[in-house]
Amino acid sequence: MLEVADLSLHYGRHVALNRVSIRVGKGETVVILGANGAGKSSLLKSIAGLTKPDEGAIVSFDRRVVTGMPAHQVVEAGIALVPEGRGVFGDLTVEENLALGAYARRARADANDSREFVYDLFPKLKERRAQYVNTMSGGEQQMVAIGRALMSKPQLLMLDEPSLGLAPLVVGELFKSLGRIRERGLALLIVEQNVKMSLSIADRGYLAEAGRIGGENTASALMGDAAVQRAFLGAPR
Amino acid sequence: MLVAALLSGLVLGGTYALVAMGLTLQYGIARIMNLAYGEMIISAAFLAYVMFSTLGLNPVAGLLIAVPTGFALGYVVYGAMMTPLVARARDRASLEIDSILATFGLLFVFQGVMLVTFGANFTSYSYLNDPVTIFGTTLAANRVLALILAVVFGGGLYLLLTRTLWGTALRAVAVNPGAAPLVGIDVNRAARLAFALGSGLAAAGGVVISMYQTFTATSGVVFTMKALIVVIMGGVGNLIGALSAGLILGLVETFVATYIDPGLTLAATYTIFLAVLLWRPAGLFGRLTR
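So, how was this worked out
- Here the residue numbering is sequential within each chain, running from 1 through the sequence in written order.
- Whichever chain is written first is A, and whichever ligand is written first is 1; the rest continue in order.
- At least 70 in pLDDT is required for a residue's local features to be given in this predicted model, at least 80 for side-chain atom pairs to be given and counted, and no such filter applies to totals for whole chains, interfaces and linings, which use all residues.
- Working from all heavy atoms in the structure, the side-chain values ignore hydrogens and water.
- Patch building starts from residues that exceed 30% relative accessible area and form no salt bridge, then joins like charges within 9 Å and nonpolar side chains (Val, Leu, Ile, Met, Phe, Trp, Tyr) within 5 Å.
- Accessible areas in this description were obtained via Shrake-Rupley with a 1.4 Å probe; residue shielding takes into account the shown protein chains only.
- For salt bridges, the criterion is a side-chain nitrogen of Lys or Arg within 4 Å of an Asp or Glu carboxyl oxygen.
- By the criteria applied, helices consist of DSSP H or I runs no shorter than four residues and strands consist of E runs no shorter than two, each listed in order from the N terminus.
- The cut-offs for exposure are 20% and 50% of the maximum accessible area for each residue type, with area from a 1.4 Å probe on protein chains only; residues under the lower value are buried, those over the upper are exposed, and the others partly exposed.
- Contacts were defined at the residue level, with two residues in contact if any of their heavy atoms lie within 4.5 Å.
- Between N or O atoms, a polar contact is any pair within 3.5 Å; within protein, one atom must be a potential hydrogen donor and the other a potential acceptor, and residues adjacent in sequence are included only when both atoms are from side chains.
- DSSP-based pairing: two strands are paired if at least 2 bridges between them are found.
- Buried area: the sum, over both parts, of the accessible surface (1.4 Å probe) that disappears when the two are put together.

Glancing now at a nonpolar patch on the surface. Together, Met1, Leu2, Val3, Phe135, Tyr259, Ile260 and Leu264 of chain B line one region of the surface with nonpolar side chains, adding up to about 770 Å² of accessible area. Structurally, the position occupied by Val3 of chain B is in helix H1 (residues 2-28).

Spelled out as structure tokens, the structure:
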């Protein structure tokens, strides 16, 4: 469904991404693992249209080329991004954040159904729907961010470090929710430092290092991979 | 005398609030610090004057022409002058500086055209200049109407921004412009519409002002300054802030003029401006961003 080919990106002279190619199938959950600075966030931002990749890149979604499209059009194509740091509208209420999630034309007609699903997924948001988002805890704000992204009726949901800065208990709940989103048939593309958790819900994974994709395998194979264990899971060398 | 001062303070404050709401839209959402804002107000005042004195059109009906004209003018000015600046701006801070310089130039274009057309004399016209008695004091009917119009426009704008998805999207751009595209909002389009809406409000303010004040081709600066003070005092981009700060400023000015000395109004303006900023640096309703 999502095909990324030869995507490069540089900031000044610094090469952030070097001819990266990945793909995500329909309803598939894919995780990108890699150290800080491996270019994982840059990759998601390029797909979402927040940064313009270098010439030569091809990003297609549902057989439609979305390369270089501005972000607000990428949303209309069916790709939603939950950015690192969440990107919620702090001075607005939960309800307003969710309503804006369905701002895209593709999502407006079904806004009520989508809201039902989000409230069902995160009952806490329903309780706090009149609360200003910047008065909420990190975990709750992450729920708002994911809920808002779901409101746009995406076929592909991209999450950039969703567990960053959250307590372990909250992280567990978060991944449970992601599992439920996955059951709904949405494709997920997750960049995550919590390797164990993300591999547990993923079908496939890529290894990113220094702006390149160094490897690719099924989630279960990666879980057992000695190199992955050494690099990310803290196994003895 | 107290009631009289209170009422004329409310009229003045209502006008300030109305005018400041337009500026806060332009600055808060489009990030354009529009120094030609006062000239847009005075242009509308002259438009109302011309329509009244040559066509016999009363200013309330004139609003139906002036406000859409202001909106269209803002839309065109943004497209012609601001779009190139937005395209080349590295960040919002540099856009702010560029827009200050560009609109500073625009100020003199507007002012020059008005000076050539209308001269430098004080202009006014007499509309609904009949006494009305409210709470035992008499007030010109046009002032009462000015207050009512300010309330109607302010209330309408508030409902537009809080009760509609479109208005909520504009607020979202003010709150977090980086994240707005992620929900499908075209930030440049939102900024352009906010700028146009702000110009429409400037036009409304100009018509309202022309009903009860005299004005000249060069008095726009005063309104830009007052609007700017109100916007900063209330908290940038905050509508309720602009509303309350506008009312406070109008009341303080009128009370100082009535009970102390009319010559001290400007001093009073800046004193409470300073006091508010010392007490709350981000404005009455503003939040300091990290």
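Residue and element names in this part refer to chain A. Here Ser152 lies in the loop between helix H7 (138-151) and strand E7 (156-160). The class of Ser152 is buried, set by a relative accessible area of 2%. Between the C-alpha atoms of Ser152 and Asp110, which are 42 residues apart in sequence, the distance is 9.2 Å. The contact partners of Ser152, leaving out residues within four places of it in the chain, are Val75, Ala80, Gly101, Arg106 and Ala107. Among the polar contacts listed, one links the side chain of Ser152 to the backbone oxygen of Ala149, at a separation of 2.9 Å.

Our focus in this paragraph is the sheet that holds strand E2 (residues 14-24) of chain A. Strand order in the open sheet formed by four strands is E2-E1-E4-E5 (chain A), and the pairing between neighbours is antiparallel. At either margin of the open sheet sits one strand with a lone partner, and together these are E2 and strand E5 (64-65) of chain A.

On to the pairing of E2 of chain A, then. For a regular strand, side-chain orientation follows a simple rule: the groups alternate between the two sheet faces. Residue and element names in this part refer to chain A. Pairing of strand E1 (residues 2-11) with E2, which is carried by seven bridges, proceeds in the antiparallel orientation. Note that in E2 the partner of Leu9 across the bridge is Leu17. As consecutive antiparallel partners, E1 and E2 are separated by two residues, and within that stretch Gly12 has a phi angle of approximately 60°, a positive value.

With 21 residues of chain A in contact, the opposing surface of chain B contributes 19 residues. Around 1,800 Å² of area is buried between chain A and chain B when both sides are counted, 69% of it from carbon and sulfur atoms. Its largest share of buried area at the contact with chain B, chain A owes to His72, Phe89 and Tyr103 of chain A, together 34% of the area lost on that side. Inspection of the chain A/chain B interface yields one salt bridge. Where Arg171 of chain B meets Glu96 of chain A, a salt bridge forms, and the shortest distance between an N and an O atom there is 2.9 Å. Inspection of the region where chain A meets chain B yields three residue pairs in polar contact (both at pLDDT 80 or more). The leading source of residues in the side of chain A that touches chain B is helix H3 (residues 94-101) of chain A, at four residues.

All names here are of chain A. Position of Asp160 relative to the elements: it lies in strand E7. Within the local environment of Asp160, its side chain forms a polar contact with the side chain of Ser41, the two groups lying 2.8 Å apart. Contacts of Asp160, omitting those with residues within four sequence positions, involve Ser41, Leu44, Val82, Pro83, Glu84 and Val191.

The analysis is restricted to geometry; functional conclusions fall outside its scope.
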